[in-house]
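Each chain is listed here by its residues.
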Amino acid sequence: MISRWTTAVLDTALPGGWAVARSPEGFLFDDNGALFPREWLKRQDLSILAEHGIGHLDGEPVYLLELHSPLDIPGCNWKGLRAFMLEDDHTLYKVLGYAAQIGTWAREHRFCGSCGKHMGQIPLERAMYCDACELRHYPRISPSMIVLITRGDEVLLARSPRFVTGVYSTLAGFAEPGESAEDCLVREVREEVSIEVKNIQYMGSQCWPFPHSMMLGFHAEYAGGDIVPQEDEIEDAQWFNVHDLPPLPASRSIARYLIDLYVARRLGHAEPVLPG
Ligand SMILES: NC(=O)C1=CN([C@@H]2O[C@H](COP(=O)(O)OP(=O)(O)OC[C@H]3O[C@@H](n4cnc5c(N)ncnc54)[C@H](O)[C@@H]3O)[C@@H](O)[C@H]2O)C=CC1
Ligand SMILES: [Mg+2]
Ligand SMILES: [Zn+2]
């Protein structure tokens, strides 16, 4: 399959192309989507913090206008990235997910973390650079593991207080320095539900741009212990039979993929495809 969207570092001095605009209220959109003719967008009275050339969509250059604040433009509205994930075309979500990560990273690296001076973008490289101390900062990605724990016909699912009412999901957590993804998995499972696992199997990965996670997905089998939910982090955790599951996470998430994959294998159904 030919990918419609490829990332690239584009020269912002060149005219033309498409642009997306991002403010603290999300991305600008209208009836045609979230991509606007760039020259038209730049003629609006936007408070532009930075501009980044981010890639090509169907061969056309795409830029990000990172704004200080949203602006009312007739016929347009603002919408968060999560809503684009849930409601819109997958390719558009990929473009905006990348744009969000680049915008956040560049905004948070305007000053050097070592000497405090202004940093600038290196032309044609995705890096921020400090002239004074020659430090480079590349986009930040946070490796996180996510795991479906299984016990025959049962799967362990949990609720965080942050979840939509009723929804149960897999366990997840950020890797700490010094850990492999598997070390992280064993630690997080102990911390969050106090059980032991075995036979850890890697199932695939997914970019999760909220704000910059790289999800490494696993299945693991129950090996021992009773569920003790971690205070404050886990509101409830239970074993659910594959024939009687609670409301599950959004279909584009790797959490949902890990659950759907196990259920499909258990019941002999066609396996789902992991959304990129
Ligand atoms: N794509 C998917 O299906 C799913 C993705 N996730 C994502 O997995 C990631 C980890 O899941 P959580 O249970 O929230 O993590 P977690 O279990 O490690 O706990 C969250 C805590 O980790 C700390 N933290 C925040 N950012 C961090 C970072 N960059 N590095 C290290 N520690 C950090 C904070 O203290 C935060 O309260 C999150 O980005 C979450 O959105 C979680 C579930 C499903
Ligand atoms: Mg967690
Ligand atoms: Zn510096």
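Residues numbered from 1 in each chain as written. Chains lettered and ligands numbered in written order. Predicted model: local features only at pLDDT ≥ 70, side-chain atom pairs only at ≥ 80, totals over all residues. Heavy atoms only, no water.

- By the naming in an unreviewed UniProt entry, the protein goes by NAD-capped RNA hydrolase NudC and is assigned to Pseudomonas ogarae.
- One UniProt comment on the protein, placed under Sequence similarities (unreviewed entry), says "Belongs to the Nudix hydrolase family. NudC subfamily." (UniProt positions renumbered as here; feature names shortened; annotations may be inferred.)

## Some words on the overall build of the protein
Link 1 in the chain: Per the secondary structure count, the protein includes 5 helices and 16 strands.
Link 2 in the chain: Expressed as a percentage of its 276 residues, the buried residues of the protein come to 44%.
Link 3 in the chain: Restricting to contacts in the protein with at least 6 residues of sequence separation, those with at least 24 account for 61%.
Link 4 in the chain: By element, 50% of the accessible surface of the protein is carried by carbon and sulfur atoms, the whole surface being about 14200 Å².
Link 5 in the chain: If the 24 positive side-chain charges of the protein are averaged to one point and the 38 negative ones to another, these points end up 3 Å apart. (Helix = DSSP H or I, 4+ residues; strand = E, 2+ residues; numbered from the N terminus. Buried < 20%, exposed > 50% of the residue type's maximum accessible area, 1.4 Å probe, protein only. Contact = heavy atoms within 4.5 Å. Areas by Shrake-Rupley, 256 points an atom, 1.4 Å probe, with all protein chains shown as cover. Lys, Arg positive; Asp, Glu negative; His and termini not counted. Charge placed at Lys NZ, Arg CZ, Asp CG, Glu CD.)

## Some remarks on the UniProt feature "binding site: a divalent metal cation 1" (unreviewed entry) in the protein
Link 1 in the chain: The feature "binding site: a divalent metal cation 1" (unreviewed entry), as given by UniProt, occupies A172, E192 and E233 in the numbering adopted here. In terms of the greatest pairwise C-alpha distance, the residues named above, spread along 62 residues, form a tight cluster of at most 11.0 Å across.
Link 2 in the chain: A172 gets classed as partly exposed once you look at its relative accessible area, which sits at 29%.
Link 3 in the chain: If near-sequence neighbours (up to four positions away) are discounted, A172 is found in contact with M145, I146, E188, E192 and M215.
Link 4 in the chain: If you trace the backbone, E233 turns up in the loop between β15 (213–224) and β16 (236–241).
Link 5 in the chain: On the basis of relative accessible area, E233 is assigned to the partly exposed category, the value being 32%.
Link 6 in the chain: With residues up to four places along the chain from it excluded, the contact list for E233 reads R159, S160, P161 and E192.

## Focus on the coordination of the zinc ion (ligand 3)
Link 1 in the chain: In this structure, C112 (SG), C115 (SG), C130 (SG) and C133 (SG) serve as the protein donors to the zinc ion (ligand 3), at separations of 2.2 to 2.4 Å.
Link 2 in the chain: Taken together, the 4 donor atoms coordinating the zinc ion (ligand 3) and their angles of 99 to 122° define a geometry best described as tetrahedral.
Link 3 in the chain: Coordination of the zinc ion (ligand 3) draws on donor residues from a single chain, spaced C-x2-C-x14-C-x2-C in sequence. With C112 in the loop between α3 (90–108) and β8 (120–121) and C130 in the loop between β9 (128–129) and β10 (136–137), this pair connects stretches of sequence that are 18 residues apart. Of the two residues, C112 and C130, neither departs from the other in class, the shared state being buried. (Donors = N, O, S within 2.8 Å, 3.2 Å for Na, K, Ca; no water. Tetrahedral: all angles 85-135°; square planar, octahedral: opposite > 155°, others 65-115°.)

## Quick look at the coordination of the magnesium ion (ligand 2)
Link 1 in the chain: Binding of the magnesium ion (ligand 2) to the protein goes through A172 (O) and E192 (OE), at separations of 2.2 Å. You can see A172 sitting in strand β13 (residues 171–174) and its partner E192 sitting in helix α4 (residues 181–193), a full 20 residues away along the chain.

## As for the sheet that holds β8
Link 1 in the chain: Spatial strand order, β8-β9-β10: 3 strands in an open sheet with antiparallel pairing. Only two strands of the sheet have a single partner each, and these edge strands are β8 and β10.
Link 2 in the chain: Examined bridge by bridge, β8 and β9 share 2 bridges and lie antiparallel to one another. Looking at β9, one finds that Q121 is bridged to M128. (Pairing = 2+ DSSP bridges.)

## Side note on the pairing of strand β3 (residues 26–29)
Link 1 in the chain: Pairing analysis gives 2 bridges linking strand β2 (residues 18–23) to β3, with the strands arranged antiparallel. By the bridge assignment, S23 is partnered in β3 with G26.
Link 2 in the chain: Between β2 and β3, which pair antiparallel and follow one another directly, the connecting turn spans 2 residues.

## Some details on the pattern of salt bridges
Link 1 in the chain: Going through the model one piece at a time under the given rule, you end up with 18 salt bridges.
Link 2 in the chain: Among the ionic pairs, E176 bridges to R187, the shortest N-O distance being 3.7 Å. With a gap of 11 residues between them, E176 in the loop between β13 and α4 and R187 in helix α4 connect regions that are remote in the sequence.
Link 3 in the chain: Owing to a relative accessible area of 43%, E176 belongs among the partly exposed residues under this scheme.
Link 4 in the chain: Two residues, R187 and E179, come together in a salt bridge whose shortest N-O distance is 2.4 Å. (Salt bridge = Lys/Arg side-chain N within 4 Å of Asp/Glu carboxyl O.)

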